[in-house]
Protein chains: 2
Amino acid sequence: MNMRIPILKLHDTLLISIQWELDDQTALQFQEDLLHKIHETSARGVVIDFTSIDFIDSFIAKVLGDVISMSKLMGAKVVITGIQPAVAITLIELGIRLEEVMTALDLEKGLEKLQRELGD
Amino acid sequence: MNMRIPILKLHDTLLISIQWELDDQTALQFQEDLLHKIHETSARGVVIDFTSIDFIDSFIAKVLGDVISMSKLMGAKVVITGIQPAVAITLIELGIRLEEVMTALDLEKGLEKLQRELGD
């Protein structure tokens, strides 16, 4: 069985918590699942929480950077939360700057930020 | 890598969405993870969403019934959401009546119900 990351829908927002290190296949599956779910639910916002992740490799970083850009292209605002030091370092060193992405400390604060932004 | 089900913490509530059929090992791991998380976060409520699950076998049904009873023992109120017909049939046929568990149609309604119950 393939591992897949559950995507929770709460009102017009999708919530995802990445709690274990991803393998390549799971990361790509997540990319596909998230984009489909945005389309299917007409979600206006996405919060991806990384609190439990203390390391990512360059492939996963690239996939995550891509899925964030793709989600934005599809019209969803993205907040990423709980980025730890090593993950921030990997992202920046790889040139994945995520310049327009919103960030927050944890899932709750991310959701609040997103809801303010969406004008709820 | 073992598949594990992410448990999201939102304020004093834990949110879980079971989106793919569980194997026995994953179900037992989830049981352990959820009880630890309740303890660790002092969560007062748990919402488990089954919307995407259209079938469960008897072992999984038993594990889920147990984890709900255990969560309540630990002081957390549990709401289960999105139970489909075949899952309801399996649970009742196995004598897993979940008599004191709250239910709701979907994750959002489950969360609202729980928050009313917790007096937020």
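Residues numbered from 1 in each chain as written. Chains lettered and ligands numbered in written order. Predicted model: local features only at pLDDT ≥ 70, side-chain atom pairs only at ≥ 80, totals over all residues. Heavy atoms only, no water.

Re the relation of the copies chain B and chain A
Next up, step 1: The transform that puts chain B on chain A rotates by 180 degrees and translates by 0.0 Å along the axis, for an RMSD of 0.0 Å. Both copies of the chain, as the preceding transformation shows, are related through a two-fold rotation axis. Measuring from the rotation axis to each C-alpha of chain B, the shortest distance belongs to Met-3 of chain B, at 2.9 Å.
Next up, step 2: Counting the interface residues of chain B, we find that 100% of their copies in chain A are interface residues as well, pointing to one common contact surface. (Least-squares fit on C-alpha atoms with pLDDT ≥ 70 in both. Contact = heavy atoms within 4.5 Å.)

With respect to helix 2 (residues 58–73) of chain B
It helps to recall that an α-helix has 3.6 residues per turn; residues three or four apart then point in one direction.
All names here are of chain B.
Next up, step 1: Look at helix 2: 22 Å from first C-alpha to last across 16 residues, which is about the 22 Å you get at 1.5 Å a residue.
Next up, step 2: What helix 2 keeps buried is the set Ile-60, Ala-61, Val-63, Leu-64, Gly-65, Val-67, Ile-68 and Ser-71.
Next up, step 3: Next to the buried residues of helix 2 lie helix 1 (24–41), strand 3 (45–49), strand 4 (77–81) and helix 3 (85–93).
Next up, step 4: For helix 2, the N-terminal capping position is held by Asp-57, with its side-chain oxygen 3.1 Å away from the main-chain nitrogen of Phe-59.
Next up, step 5: Trailing helix 2 by a residue or two, Gly-75 shows a phi angle of about 100 degrees, which is positive. (Helix = DSSP H or I, 4+ residues; strand = E, 2+ residues; numbered from the N terminus. Expected span 1.5 Å × (residues − 1). Buried < 20%, exposed > 50% of the residue type's maximum accessible area, 1.4 Å probe, protein only. Polar contact = N/O pair within 3.5 Å; in protein donor to acceptor, adjacent residues only side chain to side chain.)

What to know about the confidence of the model for chain A
Next up, step 1: The predicted model of chain A averages 92 in pLDDT, with 98% of residues at 70 or higher.
Next up, step 2: Reported for the predicted complex are a pTM of 0.89 and an ipTM of 0.84. (pLDDT = per-residue confidence, 0-100.)

Side note on empty space enclosed by the protein
All names here are of chain B.
Next up, step 1: Applying the stated criterion across every chain yields a total of five cavities of 30 Å³ or more.
Next up, step 2: The volume enclosed by the largest cavity comes to roughly 60 Å³.
Next up, step 3: Taken together, the elements giving at least two residues each to the lining of the largest cavity come down to helix 2 and helix 3.
Next up, step 4: Top element by residues in the lining of the largest cavity is helix 2. It accounts for three residues.
Next up, step 5: Taken together, the residues that form the lining of the largest cavity break down as nine nonpolar, one polar and no charged. (1 Å grid on protein atoms, 1.4 Å probe; cavity = no way out; pocket = protein on both sides within 12 Å on 5 of 7 lines; lining within 4 Å. Points joined across faces, edges and corners; volume = space filled by probe spheres on them. Nonpolar A, V, L, I, M, F, W, Y, C, P; charged D, E, K, R; others polar.)

Structural notes on the pattern of salt bridges
Close approach of charged atoms allows side chains of opposite charge to pair.
Next up, step 1: Counting across every chain of the model gives 10 salt bridges over all chains.
Next up, step 2: The closest approach of N and O atoms between Lys-9 of chain B and Glu-108 of chain A, which form a salt bridge, is 3.0 Å. In this pair, Lys-9 of chain B is assigned in strand 1 (residues 8–10) and Glu-108 of chain A in helix 4 (residues 107–117), connecting two distinct chains.
Next up, step 3: You can call Lys-9 of chain B partly exposed: its relative accessible area is 31%. (Salt bridge = Lys/Arg side-chain N within 4 Å of Asp/Glu carboxyl O.)

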